[in-house]
Amino acid sequence: MSFSVTAPSPRTKLISGLIVGLYALVTLAPLLWIIATGFKSGQDSIHYPPKVLFEPTMEGYVNLFTTRTRIPSDQPPKDTTSMTWYEEIVYKKGEIIAEPSKYGERFLNSTVIGFGSTALCMFLGTIAAYAFSRFKVPLKDDLLFFILSTRMMPPIAVAIPIFLMFKNLGLNDTYFGMIMLYTAVNLSLSVWLLKGFMDEIPVEYEEAALIDGYTRFEAFIKVVLPQAITGIASTAIFCLIFAWNEYAFAVLLTSGDAQTAPPFIPTIIGVSGKDWPAVAAGATLFLVPVMVFTVLLRKHLLRGITFGAIRK
Amino acid sequence: MLKLLVNKLALKTPRGVSKHVRGLSDKKLAWLFVSPTIILLLAINIFPLLWTIYLSFTNYRVNRPNRDVKWIDLRNYERILSDSDIWQTMQATAHFLVSTLVIQVLIGFTLAFLINKKFKGNDLLTTLIVLPMMLSPAVVGNFWTFLYQPQIGLFNYAISFFSGVDASSFSMIGDVHLAPWAIVIVDTWMWTPFVMLICLAGLRSIPDSIYEAAECDRASQWRQFWTITIPMVLPFLMLAVLFRGIENFKMFDLVVQLTGGGPGSLTTLSSIDLKREAFEKWKTGYSSAYAVILFVTVFGLASIYVKALNKVKDR
């Protein structure tokens, strides 16, 4: 008999741990499968039964970054020793590299648009959140609710006019257009989260600074911002992940120059049919950064996904 | 030098006056800080929404820019509400919404309940379990079509391994009976951790002392579960359902990549249908009315639900 009547017994703990562990294993299997498939050869990836153990190859990654053509049958064999390692991999499959694929560009687009919109969103969100947290803004509650309600709209509901607007202004398929759009979509999240973080900073710090002769603006920059830095950082990661993952607007408004990776990755195909190792390689490079960020964010995760409704 | 003087003056002015002066500049600063956000949201959210509402009363088509745009009153709305295909997509959406919510609440709560037993390593497992929900639904949905391949897919293999059914005998996304569940399974895989995290926060908010008091009164474990745990977690659970409900009502990217709305139109959820009407058939006015109906539905359902939620909270 334990002393605390409410503490679970060791047996309960063990059984709970086993069940949750099993669930974690099942839930991670698809993710591990994506990563593993990226290192499989074409044959291994469609082998029956599915191969858990296989000889790793960089074929998928090479195919991801290149477009290739079949070697014409009348061409004399080439010497493989003078080739780079990736040319050799392709050559052994009877193909030659035609040109680099679009994946690099699409990944770069995702990065530029993701970081650009996050930076803008953090700037606008921080100052608005500070005003909402500290000042008497007329109609404050209404404005805050208005900001939140913009998130409830199905993106498709405003997609038609945004599509028309972007077309008329020449913003279709541009960095600027996508950055402004993602900033607007993320602003509700950033204002709500940041207001929560700033509400937690005691007002006394600023009052002390104001008495010391700081102006309100200086107090904001030199006293409040350094205090809010963890909150700002975690909010920024949430905005970044959202912009990074967004698909609906990206597929409607971008097609070439500013196309991001999510609409592009599903369109990757090989010389003959779907090239799953290349798709998996593309997905891995795209998803792993988010996994790392999620682990870094774990303390603020709950707060972020509930718009600050639950602060723990 | 000047600044020092001003500060000295400021300190010597009577409290009421200085507060007034500072209040005034605060007000200006407040507007300066808030207005960019409001302006951007008006430009990219409210203005388009009003435009959608306007278009919904017209016969405008983007692909026929030279045709006269006519005001046709409520005819778009009449056509939508009397269209049997749209009711079918509404049904598909309702099926998706209700089944994902029920399954995710059951599994999510169970997991949270078990994690709250505070076994060794529960933090690490929690972090691992939440990974899927942060990933790109489009990219993940696309990869699940590979896992769902008959014969070579990992999912089909696992099912046949444990049940003995031939792995090539069924196709999750091609079969009319299985496809609606194929999208529920992937959504559940992605979003159960969301419900779990919120339930866990609820469970952790219950003070031990309540259970101790119940233990003193010799209330059974079963009774404690139903009279303490469930009522205390309920507001959290309802919040999770609200978030998931809104998100899944808007569901687009995951399902588009997974099934493309097929087979037939069995998994064509409202958002997917709307996208087709608007950007493939280019029925702009018609699809604007469609968008307004969806928006009003989600907004209406959400506000009724929030009222219920507040009642539970106040209790």
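Quick caveat: nothing in here was measured; it's all calculated off a predicted structure. (Residues numbered from 1 in each chain as written. Chains lettered and ligands numbered in written order. Predicted model: local features only at pLDDT ≥ 70, side-chain atom pairs only at ≥ 80, totals over all residues.)

1. Comments concerning the overall build of chain B
Alright, step 1. Helices and strands together make up the secondary structure of chain B, namely 13 helices and 0 strands.
Alright, step 2. Ordered by position in the sequence, the α and β elements of chain B form the string α-α-α-α-α-α-α-α-α-α-α-α-α.
Alright, step 3. In terms of overall dimensions, chain B is more spread out than a globule: its C-alpha atoms have a radius of gyration of 27 Å, far above the 20 Å expected for 315 residues.
Alright, step 4. Per-residue burial over chain B gives 38% buried out of 315 residues.
Alright, step 5. Counted over contacts in chain B with a minimum sequence separation of 6, partners at least 24 positions apart contribute 70%. (Helix = DSSP H or I, 4+ residues; strand = E, 2+ residues; numbered from the N terminus. Rg over C-alpha atoms; globule rule 2.2 N^0.38 Å. Buried ≥ 20, exposed ≤ 12 C-beta atoms within 10 Å, placed from the backbone. Contact = placed C-beta atoms within 7 Å.)

2. Some details on the overall build of chain A
Alright, step 1. Per the secondary structure count, chain A includes 15 helices and 2 strands.
Alright, step 2. Scaling as 2.2 N^0.38, a compact globule of 312 residues should have a C-alpha radius of gyration of about 20 Å, whereas chain A reaches 26 Å, well beyond that.
Alright, step 3. Taking the principal axes of the C-alpha coordinates as reference, chain A spans close to 85 × 75 × 40 Å.
Alright, step 4. Residue pairs in contact within chain A that sit at least 24 positions apart in sequence constitute 75% of those at least 6 positions apart.

3. So, the interface of chain A and chain B
Alright, step 1. Taken together, the contacts link 81 residues of chain A with 79 residues of chain B.
Alright, step 2. For the side of chain A that touches chain B, the element with the highest residue contribution is helix α1 (residues 10-37) of chain A, accounting for 16 residues.
Alright, step 3. Residues of the side of chain A that touches chain B, tallied by class, amount to 65 nonpolar, 12 polar and 4 charged. (Nonpolar A, V, L, I, M, F, W, Y, C, P; charged D, E, K, R; others polar.)

4. Here we look at the packing of α1 of chain A against helix α5 (residues 122-130) of chain B
Alright, step 1. Two elements in contact, α1 of chain A and α5 of chain B, have axes separated by 9 Å at closest approach and are oriented at 30°. Classified by the interaxial angle, the pair formed by α1 of chain A and α5 of chain B is roughly parallel. In the packing of α1 of chain A onto α5 of chain B, the handedness of the crossing is left-handed. Contacts from V20, G21, Y23, A24, T27 and L28 of chain A of α1 of chain A reach α5 of chain B at L125, L128 and I129 of chain B.
Alright, step 2. A per-class count over the contact of α1 of chain A with α5 of chain B returns 7 nonpolar, 2 polar and no charged. (Axes fitted to C-alpha atoms, helices over the stretch in contact; angles between N-to-C directions. Parallel < 35°, antiparallel > 145°, perpendicular 65-115°, else oblique. Left-handed = near helix turned anticlockwise from the far one by under 90°.)

5. Examining the domain arrangement of chain B
Alright, step 1. Domain parsing of chain B yields domain 1 (15-55) and domain 2 (78-314).
Alright, step 2. The C-alpha centroid of domain 2 of chain B is placed 36 Å from the C-alpha centroid of domain 1 of chain B. (Domains from an automatic or database assignment.)

6. Digging into the confidence of the model for chain B
Residue and element names in this part refer to chain B.
Alright, step 1. Summarising the model, chain B shows a mean pLDDT of 88, and 92% of its residues fall at 70 or more.
Alright, step 2. In this model residues 17-24 is a low-confidence stretch, pLDDT under 50, and it forms 2 contacts with partners more than four residues away in sequence or in other chains.
Alright, step 3. Taken together, the chains of this predicted complex give a pTM of 0.88 and an interface ipTM of 0.89. (pLDDT = per-residue confidence, 0-100.)

7. Some details on unusual backbone geometry
Alright, step 1. The peptide bond linking Y48 of chain A to P49 of chain A adopts the cis configuration, its omega dihedral lying at -5°.
Alright, step 2. Here P49 of chain A is to be found in the loop between α2 (42-45) and α3 (59-65).
Alright, step 3. Positive phi, normally seen in glycine, also occurs at Q151 of chain B, with a value near 65°.
Alright, step 4. Although it is not a glycine, R218 of chain B sits at a positive phi angle of roughly 60°.
Alright, step 5. Along the chain, R218 of chain B falls in the loop between α9 (208-216) and α10 (221-249).

8. Side note on the environment of M90 of chain B
Alright, step 1. Here M90 of chain B shows up in helix α4 (residues 84-115).
Alright, step 2. The exposure class of M90 of chain B is partly exposed, given the 16 C-beta atoms found within 10 Å.

9. Observations concerning the confidence of the model for chain A
Alright, step 1. The share of residues in chain A with pLDDT of 70 or more is 98%, and the mean pLDDT across the chain is 88.
Alright, step 2. Of all secondary-structure elements in chain A, the lowest mean pLDDT belongs to helix α6 (residues 140-149) of chain A, at 83, while helix α5 (residues 103-134) of chain A reaches the highest, 95.

10. Some details on the pairing of strand β2 (residues 95-100) of chain A
For a regular strand, the rule is simple: side chains alternate between the two faces of the sheet.
All names here are of chain A.
Alright, step 1. Counting buried positions along β2 yields 0 of 6 residues, so the element is predominantly exposed.
Alright, step 2. In this structure, strand β1 (residues 66-70) lies alongside β2, joined through 5 bridges in antiparallel fashion. Bridge pairing in β2 places T69 opposite I96. (Pairing = 2+ DSSP bridges.)

11. Considering the nonpolar core
Residue and element names in this part refer to chain B.
Alright, step 1. Ranked by size, the top nonpolar core spans 153 residues in total, and within it F143 and C199 carry the most contacts.
Alright, step 2. At 15 residues, the largest contribution of residues to this core is made by helix α8 (residues 179-204).
Alright, step 3. Excluding its chain neighbours within four sequence positions, the residues that come into contact with C199 are G108, F109, A112, V233, F236, L237 and A240. (Core = buried A, V, L, I, M, F, W, Y, C linked by C-beta atoms within 7 Å.)

12. With respect to the environment of E277 of chain B
Residue and element names in this part refer to chain B.
Alright, step 1. Counting through the fold element by element, E277 comes out in helix α12 (residues 270-279).
Alright, step 2. With 22 C-beta atoms packed within 10 Å, E277 lands in the buried category.
Alright, step 3. As for E277 and L74, which are separated by 203 residues in sequence, their C-alpha atoms are 18 Å apart.
Alright, step 4. Each residue touching E277, except ones within four places of it in the same chain, is listed here: K283, Y286, S287 and Y290.

13. Some details on helix α8 (residues 175-199) of chain A
All names here are of chain A.
Alright, step 1. Taking 1.5 Å per residue, 25 residues should reach 36 Å; α8 reaches 34 Å between its end C-alpha atoms and fits that length.
Alright, step 2. The sharpest bend along α8 reaches about 45° and sits at N186.
Alright, step 3. In terms of burial, α8 is largely enclosed, as 20 of its 25 residues are buried. (Expected span 1.5 Å × (residues − 1). Bend = angle between axes of the 7 residues up to and from the residue.)

14. Concerning the packing of α1 of chain A against α4 of chain B
Alright, step 1. Between α1 of chain A and α4 of chain B, the least distance of the axes is 9 Å, while the angle of their chain directions is 135°. Between α1 of chain A and α4 of chain B, the angle is such that the two are oblique. Where α1 of chain A crosses over α4 of chain B, the handedness of that crossing is left-handed. Taking contact as the criterion, the partners of S16, I19, V20 and Y23 of chain A in α1 of chain A are, on α4 of chain B, L111, L114 and I115 of chain B.
Alright, step 2. Its residues assigned to classes, the contact of α1 of chain A with α4 of chain B shows 6 nonpolar, 1 polar and no charged.

15. Observations concerning the environment of K313 of chain B
Residue and element names in this part refer to chain B.
Alright, step 1. Here K313 shows up in helix α13 (residues 284-314).
Alright, step 2. Judged by the 12 C-beta atoms lying within 10 Å of it, K313 falls in the exposed class.
Alright, step 3. In this structure, the C-alpha to C-alpha distance between K313 and P231, residues 82 residues apart in sequence, is 9.7 Å.

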